[in-house]
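Spelled out from the first residue to the last, the chains are:
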Amino acid sequence: MTKNLKVGLRGFSEKKAEKLEKIFQATGNRERTYSIAKLTDRTDLLIVDIDQQAVLDDKHLIETMPPETPVVTVGQSDKPEGSDYHIKGLLLATRVIRVLDQVEIPARNRQSYSEGEQAPEAGSYQADAERARDAAYAYAVLVVDDSELMRKTVALELKQASLPLRIDFAESGEQALAMTAETAYDFIFLDVMMPGMDGYETCSRIRQLAGMKKTPIIMLSARTSPLDEVKGVMAGCTNYVTKPIKSDEFQNRLDRIMNWLGNYKKP
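Summarised in this report is the structure supplied together with it.

Analysis parameters
- Residues numbered from 1 in each chain as written.
- Predicted model: local features only at pLDDT ≥ 70, side-chain atom pairs only at ≥ 80, totals over all residues.
- Heavy atoms only, no water.
- Helix = DSSP H or I, 4+ residues; strand = E, 2+ residues; numbered from the N terminus.
- Polar contact = N/O pair within 3.5 Å; in protein donor to acceptor, adjacent residues only side chain to side chain.
- Salt bridge = Lys/Arg side-chain N within 4 Å of Asp/Glu carboxyl O.
- Buried < 20%, exposed > 50% of the residue type's maximum accessible area, 1.4 Å probe, protein only.
- Phe/Tyr/Trp six-rings, centres within 6.5 Å; stacked < 30°, edge-to-face > 60°.
- Pairing = 2+ DSSP bridges.
- Axes fitted to C-alpha atoms, helices over the stretch in contact; angles between N-to-C directions.
- Lys, Arg positive; Asp, Glu negative; His and termini not counted.
- Arc of directions from axis to C-beta.
- Contact = heavy atoms within 4.5 Å.
- Parallel < 35°, antiparallel > 145°, perpendicular 65-115°, else oblique.
- Left-handed = near helix turned anticlockwise from the far one by under 90°.
- Right-handed = clockwise from strand over helix to strand, strands pointing away.

**Description of the environment of E157**
At step 1: Looking at the element boundaries, E157 is found in helix 5 (residues 148–158).
At step 2: In this structure the C-alpha to C-alpha distance between E157 and I245, which are 88 residues apart in sequence, comes to 9.5 Å.
At step 3: Of the polar contacts made by the side chain of E157, one reaches the side chain of Q251; its length is 2.7 Å.

Right under this line is the structure:
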């Protein structure tokens, strides 16, 4: 059953609060969901924006929170003293949900579980959540690259996704075509420079397969010239991620894909 957790905000601008609300709305098809707490709501966890000067001026803000309420801090700096969990950098959906999913909710705050559902014992929530997540629908992603190091790098980035994923790998364009003919992947990461069939031809031929016309295909390339991007667009790619992979850039692309999957391609 769905578990909805009420999130209190402290020190957030209206713009940032609206962004968090949109991120929470995208969790509607998950086992654990989030929504911003109203004044009359019980708060299951608290998020504090430490970049706001008013918050920084109140040095005891975090320490004076009720001890049973987990605190998640948000900011450009490192995790401050007294914070249970911290989101550093941009408020990307994948980053926010990954941290919130790690928060252990005290037994007192577990009233948000569906009526009649037995709350797990203290310390067991994370394991139960992982089992439920594994049992849920997993979106299928294919990573195509002849470099084992690059396949591992992309896989590590994909593990930060806010939705459950099943990751397959191909080492060549020919292998990717055979796999996409058998499996309807939800999105694909495709290397441009590969021996044999390159990424452009692979992308073009994948687009010819039934059901793959609108599937997001993100090309991985060390080439960044306008001509290369035009060739990618003509082949049918959705977007580019440059090599070597920069985590923030990759997570931005992944964030957009997760939002698309959550909003338009629900199982």
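Moving on from the coordinates now.
**Observations regarding the pattern of salt bridges**
At step 1: Under the counting rule described, the total for this entry stands at ten salt bridges.
At step 2: The salt bridge involving D78 is made with K88; its shortest N-O contact spans 2.6 Å. On the criterion of sequence distance, the pair formed by D78 in the loop between strand 4 (71–75) and strand 5 (85–88) and K88 in strand 5 is long-range, its members being ten residues apart.
At step 3: Owing to a relative accessible area of 42%, K88 belongs among the partly exposed residues under this scheme.

**Quick notes on the packing of aromatic side chains**
The geometry of an aromatic ring pair is captured by the separation of the ring centres together with the interplanar angle, meaning the angle of the planes.
At step 1: For the structure shown, the criterion picks out three aromatic pairs.
At step 2: The interplanar angle of 80° and the centroid separation of 5.9 Å between the aromatic rings of F187 and F189 together place this pair among those described as edge-to-face.
At step 3: F187 sits in the buried class, given a relative accessible area of 0%.
At step 4: The class of F189 is buried, set by a relative accessible area of 0%.
At step 5: A centroid spacing of 4.9 Å and a plane angle of 20° characterise the contact between F189 and F250, whose relative ring orientation is stacked. Linking F189 in strand 8 (residues 187–191) with F250 in helix 9 (residues 247–264), this pair joins segments that are 61 residues apart in sequence.
At step 6: For F250, a relative accessible area of 0% gives the class buried.
At step 7: Here a set of aromatic residues connected by ring pairs shows up, and it is made of F187, F189 and F250.

**Some points on the sheet that holds strand 8**
At step 1: Across the sheet, which stays open at both edges, the five strands sit in the order 7-6-8-9-10 with parallel pairing between neighbours. Taken across any chain shown, the strands that pair with only one partner, and hence form the sheet edges, are strand 7 (165–170) and strand 10 (239–242). For this sheet, the mean angle separating the axes of adjacent strands, direction not counted, is 20°.
At step 2: Across four bridges, strand 6 (residues 139–144) lies against strand 8 in parallel orientation. Among the inter-strand pairings, L142 is bridged to a residue of strand 8, identified as I188.

**Looking at the side chain of R32**
At step 1: Within the secondary structure, R32 sits in strand 2 (residues 32–36).
At step 2: Despite its burial, R32 remains without a salt bridge, the nearest opposite charge being carried by D101 at 4.9 Å.
At step 3: Of note is the side chain of R32, whose polar atom sits 3.1 Å from the backbone oxygen of D101.
At step 4: Polar contacts involving the side chain of R32 include one to the main-chain carbonyl oxygen of V103, which spans 2.8 Å.

**Concerning helix 8 (residues 226–235)**
At step 1: Of the positions making up helix 8, those classed as buried are D228, G232 and A235. Considered in projection along helix 8, the buried side chains sweep an arc of 65° and stay on one side of the axis. Exposed residues pointing more than 90 degrees away from the buried face of helix 8 are listed as P226, L227, V233 and M234.
At step 2: Contacts made by the buried residues of helix 8 are with helix 7 (199–207), strand 9 (217–221) and strand 10.
At step 3: Positive phi shows up at G236, right after helix 8, with a value of about 110°.

**Observations regarding the packing of helix 6 (residues 173–182) against helix 7**
At step 1: In contact at an axis separation of 9 Å, helix 6 and helix 7 are set at 15° when each is read in the N-to-C sense. Classed by the angle they form, the pair helix 6 and helix 7 counts as roughly parallel. The handedness of the crossing between helix 6 and helix 7 comes out as right-handed. Facing helix 6, whose interface residues are G173, A176, L177 and T180, helix 7 presents T202, R205 and I206.

**Quick word on the pairing of strand 7**
At step 1: In the sheet, strand 6 pairs with strand 7 via six bridges, with the strands oriented parallel. Residue pairing for strand 7: V143 is matched across the bridge by F169.
At step 2: Handedness of the crossover is the feature at issue here: the chain leaves strand 6, passes through helix 5, returns alongside strand 7, and the resulting connection is right-handed.

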